[in-house]
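An overview of the molecular structure
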Amino acid sequence: MKMLKNKEVVFELTNKCAYHCTICPREKMTRDQGVMSMELYKKIIDEAIPRGLEFVTLLGFGEPMLDKYFLDRVRYAKEKKLSVSTDTTGYLLKEKLAEELINLKMDSIRFSCFSTTKEIYHKLHNLNTFDLAIQRINKLIELKNKHNSIYPKTGVYFVRQDLNRHQTEDFINYWKDRVDEVNVWEAHNWTDALELRSKNYKRKKTCGRPHSGPLQIRYNGKISACCFDFNSQLITGDLSKQSLDEIESNQNNINLKKAHSTGDMSKYSMCDNCDQMYEVPDTLYYTNSNNNKVGTSGNTYIPFDEEINKKKNETISKS
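Residues numbered from 1 in each chain as written. Predicted model: local features only at pLDDT ≥ 70, side-chain atom pairs only at ≥ 80, totals over all residues. Heavy atoms only, no water.

**Remarks on the overall build of the chain**
Each helix and strand in the chain was counted, giving 11 helices and 10 strands. Principal-axis analysis of the C-alpha atoms places the extent of the chain at approximately 50 × 50 × 45 Å. Taken across its 319 residues, the chain has 52% of its residues classed as buried. In the chain, 49 side chains carry a positive charge and 43 a negative one; their mean positions are 2 Å apart. (Helix = DSSP H or I, 4+ residues; strand = E, 2+ residues; numbered from the N terminus. Buried < 20%, exposed > 50% of the residue type's maximum accessible area, 1.4 Å probe, protein only. Lys, Arg positive; Asp, Glu negative; His and termini not counted. Charge placed at Lys NZ, Arg CZ, Asp CG, Glu CD.)

**Considering the pairing of strand β6 (residues 181–186)**
Counting buried residues in β6 gives six out of six residues, a clear majority hidden from the surface. The two faces of β6 match: E181, N183 and W185 on one face and V182, V184 and E186 on the other face are all buried. As for the winding sense of the linkage, the β-α-β connection from strand β5 (residues 153–160) through helix α6 (residues 168–175) to β6 is right-handed. Direction of pairing for β6 relative to strand β10 (residues 284–287): antiparallel, over a ladder of three bridges. Paired with N183 across the bridge in β10 is T287. (Right-handed = clockwise from strand over helix to strand, strands pointing away. Pairing = 2+ DSSP bridges.)

**Let's talk about helix α3 (residues 95–103)**
Every buried residue belonging to α3 is among L97, A98, E99, L101 and I102, and all of these are buried. Among the structural elements, α2 (70–79), β4 (108–112) and α5 (130–146) are those in contact with the buried residues of α3. Just downstream of α3 lies K105, where phi reads positive at about 55°. (Contact = heavy atoms within 4.5 Å.)

This is a description of form; function is not addressed.
Here's what the structure looks like:
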């Protein structure tokens, strides 16, 4: 039995979404849309646990809460003693669902909200749900306080673009004392799909994802080597037909890792033209998280319990 190189597995529950965000490449996505079966979800988790699985992230190129089994998936993973996180726009987070997530001690939920006004929100997200989304995020915070619960950890993130750049400080000031974590990022290109970020920076040999990134499992069981691979061009296996051990020895997986080891991306134009292959120190504009650092190109995932212990240790060392 081969152990997972990364203890996190990312599940794309669905690639369906009601939003049409200006920074998202979904408008160029040509692959079929669907929802992961509960049977496949359980199979993968059960197979991954003895191989070291600890963190389940419910995230992909769709809105996770459009999945009618969303709560069942959180519950199943928590019953297996796994850490569970998700990203969402928040407009589907009804009060009953929020209560359930608190009761299940879901570990982390992060909200994408790229504006402080409904007019700009509508232009950037192309859905008139600003008031509803803000209301439901604040209701979750209110319920956490009511239950005196630290779960789920709440975060919001803002992606700076021409239309909302002037709202950056207002966004930070509104959220920094409401949620556990605020991050403000500059937009990126989604490999070579968009032109939102300059690549006039130092080139790296590899982004590191094929070797050390988490498994990115699409709703149909196919595995992509990259979280930015919206059209599933870097498929390295199919867990609806193969085992995790078979994925590791898949020739597509071996060839891609070799390319990233040597820095020769000539056979992978998507990687060759990707902005993640460059050191971009101004990617992160603002953060109040100990896990991220302004002036670096990326971020490191640390589970909430570990972060709490880290903060306790820092407090002890200062006393």
